Amino acid sequence: MLLLSLFKSLTEKPADPINTMDQTNDIGVKYTPDGINPKNISVSDLSNLSVKFIRIQWTDLCNSIRFRVVPISYFKKLLDTARPGLSMSKCVLAVAFITVIPGFSTVGEYLYVVDPSTLRLCPYAPGHAVVFGHFQEKMPVLGPNGIKTVSVPICPRTILERIVQEAKDFYGIEFLVGIEIEFILLESVNPIVPANSHLWCDSMATAAGTVVAKVMDEIAEAILESGIELQVYHSEATAGQYEVVTGPLPPMEAADAVIHTREIIYNIASKHGLRATLAPRLDDHSCGSGSHTHISVHGNPVNHRNLGWYKEPSTADPEILTRLESNFLAGLLDHLPAITALALPLRASYTRVADGIWSGGTYVAWGVDNREVPIRLCNATSPTSRNFEVKSVDGTANPYTVLAGIIGAGMIGVDKGCEVQAKNCVGATTPADMNDEERKQMGIISRMPLSLDEATACLQGDTQLRERLGDDMVETYLALNKALDEEMGLGTETEVVSRLVTTY
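An account of the accompanying structure is given in this report. (Residues numbered from 1 in each chain as written. Predicted model: local features only at pLDDT ≥ 70, side-chain atom pairs only at ≥ 80, totals over all residues. Heavy atoms only, no water.)

**Comments concerning the overall build of the chain**
What the chain contains, in helices and strands, is 12 helices and 19 strands. Here the C-alpha atoms of the chain give a radius of gyration of 22 Å, agreeing with the 23 Å that 2.2 N^0.38 yields for 504 residues. Referenced to the eigenvectors of the C-alpha coordinate spread, the extents of the chain come out at roughly 60 × 60 × 50 Å. Residues counted as buried form 55% of the 504 residues belonging to the chain. Counting contacts in the chain only where the partners sit at least 6 residues apart, residues at least 24 apart contribute 70% of the total. When the accessible area of the chain is evaluated, it comes to approximately 21800 Å², of which 52% is carbon and sulfur surface. Averaging the locations of the 41 positively and 59 negatively charged side chains of the chain gives two centres separated by 6 Å. (Helix = DSSP H or I, 4+ residues; strand = E, 2+ residues; numbered from the N terminus. Rg over C-alpha atoms; globule rule 2.2 N^0.38 Å. Buried < 20%, exposed > 50% of the residue type's maximum accessible area, 1.4 Å probe, protein only. Contact = heavy atoms within 4.5 Å. Areas by Shrake-Rupley, 256 points an atom, 1.4 Å probe, with all protein chains shown as cover. Lys, Arg positive; Asp, Glu negative; His and termini not counted. Charge placed at Lys NZ, Arg CZ, Asp CG, Glu CD.)

**Looking at the sheet that holds strand β2 (residues 65-71)**
Taken in spatial order, the 4 strands line up as β2-β1-β8-β7 in an open sheet, and their pairing is mixed. Only two strands of the sheet have a single partner each, and these edge strands are β2 and β7 (120-121). Across 4 bridges, strand β1 (residues 53-59) lies against strand β8 (residues 128-131) in parallel orientation. Note that in β8 the partner of Phe53 across the bridge is His128. (Pairing = 2+ DSSP bridges.)

**Quick notes on empty space enclosed by the protein**
Summed over the entire model, instances satisfying the criterion amount to 5 cavities of 30 Å³ or more. Taken as a whole, the largest cavity holds about 60 Å³ of empty space. As for the largest cavity, its lining consists of Thr340, Leu344, Val353, Ser359, Gly360, Gly361, Thr362, Pro374, Ser392, Met448, Pro449 and Leu450. Broken down by class, the residue content of the lining of the largest cavity amounts to 6 nonpolar, 6 polar and no charged. (1 Å grid on protein atoms, 1.4 Å probe; cavity = no way out; pocket = protein on both sides within 12 Å on 5 of 7 lines; lining within 4 Å. Points joined across faces, edges and corners; volume = space filled by probe spheres on them. Nonpolar A, V, L, I, M, F, W, Y, C, P; charged D, E, K, R; others polar.)

**Structural notes on the nonpolar core**
Counting 131 residues, the largest nonpolar core has Ile54, Phe135, Phe183, Leu185 and Ile219 as its most contacted members. Of the residues forming this core, the biggest block, 11 residues, is contributed by helix α4 (residues 251-271). In this structure, Leu282, Leu346, Leu480 and Leu500 belong to the second largest nonpolar core, which totals 17 residues. (Core = buried A, V, L, I, M, F, W, Y, C linked by side-chain atoms within 4.5 Å.)

**With respect to the sheet that holds strand β3 (residues 85-89)**
Here we have 4 strands laid out as an open sheet, ordered β3-β6-β9-β10, and antiparallel in their pairing. Each edge of the open sheet carries a strand with a single partner, namely β3 and β10 (148-151). Geometrically, the sheet is characterised by an average inter-axis angle of 35° between neighbouring strands, direction not taken into account. On top of the sheet, helix α2 (residues 156-171) reaches β9 (133-142) and β10; it is set at about 85° to β9, its chief contact. (Axes fitted to C-alpha atoms, helices over the stretch in contact; angles between N-to-C directions.)

**Digging into the state of the cysteines**
Each disulfide is one covalent bond, formed between the sulfur atoms of two cysteines. Under the counting rule described, the total for this entry stands at 0 disulfides. Cys91 provides the cysteine sulfur closest to Cys62, a residue in no disulfide bond, and the two sulfurs are 12 Å apart. Overall, the relative accessible area of 12% leaves Cys91 in the buried class. (Disulfide = S-S within 2.5 Å.)

**Some remarks on helix α7 (residues 399-416)**
Here α7 contains 18 residues, and its C-alpha end-to-end distance of 26 Å stays within 8% of the 26 Å for a straight helix at 1.5 Å per residue. Counting buried positions over the 18 residues of α7 gives 16, a clear majority of the element. Its side-chain oxygen at 2.8 Å from the backbone nitrogen of Tyr400, Asn398 defines the N-terminal cap of α7. Positive phi shows up at Gly417, right after α7, with a value of about 60°. (Expected span 1.5 Å × (residues − 1). Polar contact = N/O pair within 3.5 Å; in protein donor to acceptor, adjacent residues only side chain to side chain.)

Encoded structure:
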């Protein structure tokens with residue numbers, strides 16, 4: 001129920017508009033949580049697929065993808081243990097480059113426990129498969145509720161899993177998530193030289209026989225071979241820029257798929273002598289690269305809990321949104337400035353978001369098919385494909401913590417029955433085009449953070465979202481992001497840009 005306005009089938013006979021005027025406007029491909037079947041591989045498949053090595057992989061709070069490789073023989077021995085995993089220093093989640101943040105050291109270890117259900121092939125590395133997991137304490141410790149647990153509250157996958165499970169257990173609400181991945185292919189990182197000069201959907205951007213065409217074909221094939229649905233790929237709006245769009249999945253599986261797809265992109269580009277980068281923006285004269293995040297909300301809370309407010313009409317736009325979608329949107333808008341610290345984690349991230357360049361603008365607002373607001377409602381009149389697109393996210397962000405923030409914020413709105421204050425910003429006029437009085441009449445009263453410092457302050461001051469995410473996680477993340485910011489800003493402007501494209 002997600003992503004872009006795709007036609008149901010290219011083979012269907014075009015409908016006669018005159019004869020369908022009074023029929024449904026349900027124009028997108030239908031996806032539902034119970035209809036999703038993630039195509040991972042099983043442990044029993046490994047031998048038949050000639051897998052020799054397993055990449056035990058994790059993504060730290062700085063969004064660095066890391067892994068250790070074990071042979072299949074040892075991996076199977078690990079699976080026979082009570083908690084199959086590898087011991088790792090506790091600082092693995094709290095180090096930026098080589099800087100360990102205060103409160104962490106090389107003393108102490110976590111156990112990174114693998115989840116065999118996450119196994120996927122690595123088509124870019126024959127004989128390799130990858131598996132994800134959770135960081136756990138080696139011995140039980142007292143949790144926030146006074147009960148002993150092995151859960152690690154700063155583990156990104158653990159945070160997302162908890163928030164998603166709470167929504168399902170307490171409200172019967174589920175989500176589907178799809179993420180568009182924009183990236184730039186470079187021939188050189190110092191100086192910056194794009195792989196070509198072709199722009200948005202330009203046929204010559206994938207001209208037959210070119211290196212870039214080979215790279216994009218191999219990326220597409222590898223995504224499909226690894227069991228991830230590929231919906232579309234195309235060239236984007238700046239030199240050397242491309243986008244791949246994968247199908248919707250439950251939040252955890254969606255974040256895993258994003259990480260796996262990024263690894264596919266990085267490795268296949270490298271195989272052909274190119275560098276792929278998720279850098280938000282390379283210069284003031286080019287378009288930025290985002291990681292637009294689409295989310296649809298599914299459920300019927302009135303049948304799950306006695307929520308009287310749910311029976312009332314939507315407060316945002318009763319002709320378009322359900323009451324559940326409306327309350328979720330209200331929570332998301334209320335906490336969007338704080339989420340920005342997770343979604344746009346680098347100073348470079350704020351060079352991409354501005355008014356007038358289709359990147360979501362700088363005002364806290366929403367609207368139907370409006371790319372100048374940070375929350376765009378897609379397929380508004382199609383109940384089976386309607387979704388919210390969060391535009392203020394880029395590829396330098398950890399997808400697990402971003403989704404935890406988005407879902408956590410939306411669930412605050414559901415839990416409290418919040419009402420949307422901002423009106424549907426639809427039509428040619430954008431918030432930036434309005435004067436102060438016009439924005440006030442539309443209920444657009446807040447500005448998005450315009451810098452990393454402003455976003456950090458918003459997250460620090462948002463007590464409700466901090467409670468959802470966990471204070472330990474927020475404090476660790478902010479301290480780590482401060483150290484990352486200092487490291488990323490060292491040197492000349494050329495060195496800073498080079499470090500950006502080689503890190504992300």
